[in-house]
Amino acid sequence: AIPLVVAINTSLAARNGMLVRDRAAMEQARNLDTVVFDKTGTLTEGEHGVVGTATVDGVDEDEAFALAAAVEGDSEHMIARAIREAAAERGVEVPDASDFEAIKGRGVRATVHGDELFVGGPNLLDQLDSDVPDELQRFADEAGENAQTVVYLLRAGEPIAAFAMADVVRESSFRVVDALHDLGVEVAMLTGDSQDVASAVADELGIDTVFAEVLPEDKDGKIRELQDQGKLVAMVGDGVNDAPALARADVGIAIGSGTDVAVQSADVVLVQNDPMDVVRLVKLSRASYRKMQ
Ligand code: ADP
Ligand code: MG
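Residues numbered from 1 in each chain as written. Chains lettered and ligands numbered in written order. Predicted model: local features only at pLDDT ≥ 70, side-chain atom pairs only at ≥ 80, totals over all residues.

## As for the overall build of the chain
The condition that has to hold: Helix and strand definitions follow DSSP, with helices as H or I runs of at least four residues and strands as E runs of at least two, each counted in order from the N terminus. Two residues qualify as a contact pair if the distance between their C-beta atoms, derived from the backbone, is within 7 Å.
Across its full length, the chain holds 13 helices and 13 strands. The long-range fraction of contacts in the chain, counting pairs at least 24 apart against all pairs at least 6 apart in sequence, stands at 60%.

In structure tokens form, the structure reads like this:
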């Protein structure tokens, strides 16, 4: 009888916009203890816009945007797109850059006018052992309090400008967290973004556990940490960076807009790109397997 029930289950799922790639995971979904969400592009819209800038003495804002846009010229990251757009809106002339390098989960590097420049967040500053000057730190603190993501432009290893970017929490994220709590499921968030931004978003949504400033290669380790506590864990994400965590989770859930790599690492794909479908998935799994008995 099991294959029949599973068949009903997966076709029901398909009608609800869920593509089941691993049926055993679909069955596990009814027993989940914790659902871990990627932040950017999953709980939030992922559409950053630059909302503020600060520079050190001797560097003007137009120059900062021109240099940052040049360094970000080759990057597909949402942060890169936002900086390029802001530079274009200002009408600054973006210089040529060469030797582009993406530093996964940290930022980007390129050569402009013979200078080695970087753009990146706190994870990059850690790696370069670089300190933020006071005037930029004050700006970053205020931005952090407003849940804005801050990245820095570095020249000669020193931050010379900071850019604050705003992202918007998705309307449905509020309902998802409440509904999962009603089902007795804990909610966690996993992100490469700063602790400030992650905590602000988590507080707003009522999320129980936050893993912030996590490097791409460490994301699956956070899932394992929860599993080592005896928890059955689902991971919901969309990015290339999320793939190992999706594979590691008991139930890996890729969200519709996801990259191919994310989709291939997932057990279930939510075609409609609606986080509320995570709740529907748990309910469907519970309803289907209850009927069986
Ligand atoms: P997430 O977990 O939110 O998907 P990522 O792993 O893609 O984040 O990036 C983590 C952090 O690394 C970003 O918040 C940012 O600080 C920095 N970063 C990554 N890529 C870039 C980039 N192209 N430009 C500037 N900063 C970047
Ligand atoms: Mg993401």
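## Here we look at the nonpolar core
Put simply, the test is: Nonpolar cores are built from buried Ala, Val, Leu, Ile, Met, Phe, Trp, Tyr and Cys residues. These are joined into a set through C-beta atoms within 7 Å. Here the C-beta atoms are placed from the backbone, and a residue counts as buried if at least 20 other C-beta atoms lie within 10 Å of its own, exposed if 12 or fewer do, and partly exposed otherwise.
Ranked by internal contacts, the top residues of the largest apolar core, which has 51 residues, are Val35, Val36, Ala234, Met235, Ile253 and Val268. Ranked by residues supplied to this core, first place goes to helix α9 (residues 195-205) with five residues. Setting aside its immediate chain neighbours within four residues, Ala234 contacts Ala29, Leu32, Val35, Val36, Ala249, Asp250, Val251 and Ile253. Among the nonpolar cores identified, the runner-up in size contains 38 residues, and Phe65, Ala70, Ala86 and Ala143 belong to it.

## Description of the site of ligand 1
Applicable threshold: Think of it this way: take the backbone, place a C-beta atom on it, and check whether that atom is within 6 Å of the molecule or strand, in which case the residue is near it. Per the annotation, domain bounds derive from an automatic or database assignment of domains.
Residues in close proximity to ligand 1 total 23 residues, the closest being Thr40, His77, Gly105, Gly121 and Gly192. Of all elements in the fold, only α3 (39-43), α5 (78-90), β5 (107-112), β6 (115-120) and β7 (149-155) reach the threshold of two or more residues within the shell around ligand 1. The residues that make up the shell around ligand 1 include at least three from each of domain 1 (2-44 + 169-291) and domain 2 (49-166).

## Some words on the packing of helix α4 (residues 61-71) against α5
Inclusion rule: Note on definitions: angles span 0 to 180 degrees between N-to-C directions of axes, and those axes are lines fitted to C-alpha atoms, for helices only across the stretch in contact. Each angle receives one of four descriptions, namely roughly parallel if under 35 degrees, roughly antiparallel if over 145, roughly perpendicular if within 65 to 115, and oblique otherwise. Note on convention: near helix rotated counterclockwise from far helix by under a right angle means a left-handed crossing. Clockwise means right-handed.
Running from amino to carboxyl end, α4 crosses α5 at an angle of 135°, the nearest separation of the two axes being 9 Å. In terms of orientation, α4 and α5 fall into the oblique class. Between α4 and α5 lies a crossing of left-handed hand. Residues Asp62, Phe65, Ala66, Ala68 and Ala69 of α4 pack against Ile83, Arg84, Ala86, Ala87 and Arg90 of α5.

## Side note on unusual backbone geometry
If you check the backbone angles, Asp99 has positive phi at about 55° while not being a glycine. Considering the arrangement of structural elements, one finds Asp99 in strand β4 (residues 98-103). On the basis of neighbour count, Asp99 is assigned to the exposed category, with 10 C-beta atoms found within 10 Å.

## Here we look at the sheet that holds strand β1 (residues 18-20)
Quick reminder of the rule: We treat two strands as partners when DSSP finds at least two bridges between them.
Spatial strand order, β1-β13-β12-β11-β2-β9-β10: seven strands in an open sheet with mixed pairing. At either end of the open sheet lies a strand with only one pairing partner, and these are β1 and β10 (209-211). Sheet twist, expressed as the average angle between the axes of neighbouring strands with direction ignored, equals 20°. With three bridges connecting them, β1 and strand β13 (residues 268-270) associate as antiparallel partners. Within β13, the residue paired with Val20 across the bridge is Val268. Sitting on the sheet, helix α10 (residues 219-228) is in contact with β2 (34-38), β9 (186-190), β10 and β11 (233-237), with an inclination near 155° to β11.

## Looking at the domain arrangement of the chain
How we decide: Residues are grouped as follows: Ala, Val, Leu, Ile, Met, Phe, Trp, Tyr, Cys and Pro are nonpolar; Asp, Glu, Lys and Arg are charged; every other residue, Gly included, is polar.
Here the chain is partitioned into domain 1 (2-44 + 169-291) and domain 2 (49-166). Here domain 1 and domain 2 have C-alpha centroids that lie 32 Å from each other. Of the residues lining the interface, 12 residues belong to domain 1; the matching set on domain 2 comes to 11 residues. For the side of domain 1 that touches domain 2, the element with the most residues is α9, which contributes four residues. Looking at side-chain class alone, the side of domain 1 that touches domain 2 contains five nonpolar, four polar and three charged residues.

## Quick word on the sheet that holds β7
As summarised here, the arrangement of the six strands in space is β3-β8-β7-β6-β5-β4, forming an open sheet in which the pairing is antiparallel. Only two strands of the sheet have a single neighbouring strand rather than two, namely β3 (49-55) and β4. This sheet shows a mean twist of 20° between the axes of neighbouring strands, independent of strand direction. Pairing analysis gives seven bridges linking β7 to strand β8 (residues 158-166), with the strands arranged antiparallel. Counterpart to Leu153 in the pairing with β8 is Ala161.

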